[in-house]
Amino acid sequence: MNIQTRKPGAVAEVDEDTPLVTAVLTGDATAEDLESVRRHASVYVYETPVRLWHWINAAAILVLIVTGWLIANPPPTMQIGEAANQFVFGYIRFAHFAAAMIMTAGFFGRIYWAFMGNHHSKQMFRLPILNRHWWSEVFFEIRWYLLLEKEPKKYIGHNPLAQLAMFFFMTLGLSFMIVSGFALYAEGSGQGSLPDILLGWVIPLVGSSQTLHGLHQLGMWAIVVFVMIHIYVAVREDIMSRQSIVSTMISGHRTFKDDRRD
Ligand code: HEM
Ligand code: HEM
């Protein structure tokens, strides 16, 4: 049984098989359209904190990549000109550190939400590596992305390949960037400062500040590769898959384009 609206304001319970009587509310809908509407429900997948985190994190990472690249390839600092122009590199580093704080706070908030949120909010942190069916879907997705499968599967949350990529590049990748970044930051904030007390040991662990700079930069390139593939795949799947993708990370709702079995 489901609830259908007969005319604005009037609600009645009717049998599943009865065609919808909402034509009056849905413009020029045909019987076929109405049947399709009746079958396609949406599932609320990504809760507000997950979506907010996604877009704030994406913006912070873009700032970190641009400013990080400039730190690694510095523009000339001494110019003949206004005193304000001499502080260009200072502004670049300030933007890097400000975005770093936002990204770090967001990441801790996202971990908190993995405990408080729904089942899908945990996906990025937990890989079901002992589940054979999950692995078979990982390989299915690789074949689908390589155009070797004819029809994609349907997923409510992330598909297993996306989950794998998010775990390695984001969960582990961002953790690495936070640890290495704050260890480098400790050099500037000085001995005895909080970053130094928490992460000062990382530099002697890897050998030198120079090595850690190199590793931190390498981490950036891994994230750049992830972002490029991620955006390509999000747009591609929005068009080619059987479900909503980009709008799901905006509204939180997953809708399906057909009601065939997966
Ligand atoms: C720096 C840029 C970006 C980063 C680092 C990033 C990272 C992520 C991460 C970590 C998730 C998993 C979310 C979670 O489970 O909490 C995700 C999901 C998603 N992202 Fe991004 N993202 C970026 C940019 C974008 C852009 C520009 C788009 C849109 C074209 C996009 C579309 C999506 C979509 C649609 C999902 C959900 C996929 C699904 O439904 O399974 N992302 N992204
Ligand atoms: C997605 C995250 C991040 C990216 C892509 C990124 C990227 C970079 C890059 C490419 C560099 C230049 C490395 C070099 O010297 O060759 C750099 C430097 C640095 N980053 Fe990050 N970073 C990120 C996160 C962080 C975080 C969370 C912090 C913590 C505060 C941080 C602090 C620093 C510091 C202190 C430096 C050295 C600045 C200097 O020597 O002037 N970074 N970053």
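Notes on the structure in this doc start here. (Residues numbered from 1 in each chain as written. Chains lettered and ligands numbered in written order. Predicted model: local features only at pLDDT ≥ 70, side-chain atom pairs only at ≥ 80, totals over all residues.)

**Section: the overall build of the chain**
Alright, step 1. Assigned secondary structure in the chain consists of nine helices and four strands.
Alright, step 2. Along the chain, helices (α) and strands (β) appear in the sequence β-β-α-β-α-α-α-α-α-α-α-α-β when read from the amino end.
Alright, step 3. A buried classification covers 16% of the 262 residues belonging to the chain.
Alright, step 4. Long-range contacts, defined here as pairs at least 24 residues apart, represent 54% of the contacts in the chain between residues at least 6 apart. (Helix = DSSP H or I, 4+ residues; strand = E, 2+ residues; numbered from the N terminus. Buried ≥ 20, exposed ≤ 12 C-beta atoms within 10 Å, placed from the backbone. Contact = placed C-beta atoms within 7 Å.)

**Description of the site of ligand 1**
Alright, step 1. Near ligand 1, the surroundings consist of 21 residues, among which Ala-58, His-158, Met-170, Ala-234 and Met-249 are the closest.
Alright, step 2. Looking at the shell around ligand 1, the elements that each hand over two or more residues are helix 2 (48-72), helix 5 (160-189), helix 8 (209-240) and helix 9 (248-251).
Alright, step 3. No other element matches the six residues that helix 2 contributes to the shell around ligand 1.
Alright, step 4. Broken down by class, the residue content of the shell around ligand 1 amounts to 15 nonpolar, six polar and no charged. (Near = placed C-beta within 6 Å. Nonpolar A, V, L, I, M, F, W, Y, C, P; charged D, E, K, R; others polar.)

**Brief notes about helix 2**
Alright, step 1. Here helix 2 contains 25 residues, and its C-alpha end-to-end distance of 35 Å stays within 8% of the 36 Å for a straight helix at 1.5 Å per residue.
Alright, step 2. Every buried residue of helix 2 is accounted for by Val-50, Ala-60, Ile-61, Leu-64, Thr-67 and Gly-68.
Alright, step 3. As for helix 2, its buried residues are in contact with helix 3 (88-116) and helix 8. (Expected span 1.5 Å × (residues − 1).)

**Notes on helix 8**
Alright, step 1. Over its 32 residues, helix 8 runs 46 Å from end to end, which matches the ideal 46 Å to within 8%, given 1.5 Å per residue.
Alright, step 2. Every buried residue of helix 8 is accounted for by Leu-212, His-216, Gly-219, Ile-223 and Glu-237.
Alright, step 3. Considering only its buried residues, helix 8 is in contact with helix 2, helix 5 and helix 7 (202-206).

**Looking at the environment of Met-177**
Alright, step 1. Summarising the element assignment, Met-177 is placed in helix 5.
Alright, step 2. Separated by 43 residues in the primary sequence, Met-177 and Met-220 have C-alpha atoms spaced 7.9 Å apart.

**Description of the packing of helix 2 against helix 8**
Relative orientation and spacing of two packed helices are given, respectively, by the angle between their axes and the distance between those axes.
Alright, step 1. Between helix 2 and helix 8, the least distance of the axes is 11 Å, while the angle of their chain directions is 135°. Compared by their axis directions, helix 2 and helix 8 come out oblique. Here the hand of the crossing between helix 2 and helix 8 comes out left-handed. Listed contacts from helix 8 to Ile-61, Ile-65, Gly-68 and Ala-72 of helix 2 are Gln-217, Met-220, Ile-223 and Val-224.
Alright, step 2. Among the residues making up the contact of helix 2 with helix 8, the classes are represented as six nonpolar, two polar and no charged. (Axes fitted to C-alpha atoms, helices over the stretch in contact; angles between N-to-C directions. Parallel < 35°, antiparallel > 145°, perpendicular 65-115°, else oblique. Left-handed = near helix turned anticlockwise from the far one by under 90°.)

**Considering unusual backbone geometry**
Alright, step 1. One non-glycine residue, Leu-147, adopts positive backbone phi at about 65°.
Alright, step 2. Within the element layout of this structure, Leu-147 appears in the loop between helix 4 (132-145) and helix 5.

**Things to note about the site of ligand 2**
Alright, step 1. Near ligand 2, the surroundings consist of 24 residues, among which Gly-68, Ala-72, Ala-100, Gly-181 and Met-220 are the closest.
Alright, step 2. Going through the elements one at a time, helix 2, helix 3, helix 5 and helix 8 are the ones with two or more residues in the shell around ligand 2.
Alright, step 3. Here the element with the most residues in the shell around ligand 2 is helix 2; it accounts for seven residues.
Alright, step 4. For the shell around ligand 2, the class distribution of residues is 16 nonpolar, seven polar and one charged.

**Considering the environment of Ala-234**
Alright, step 1. Relative to the elements of secondary structure, Ala-234 occurs in helix 8.
Alright, step 2. When the C-alpha positions of Ala-234 and Ser-244 are compared, they lie 9.8 Å apart, and in sequence the two are 10 residues distant.
Alright, step 3. In this structure, Ala-234 is in contact with Ile-245 and Val-246, ignoring residues within four places of it in sequence.

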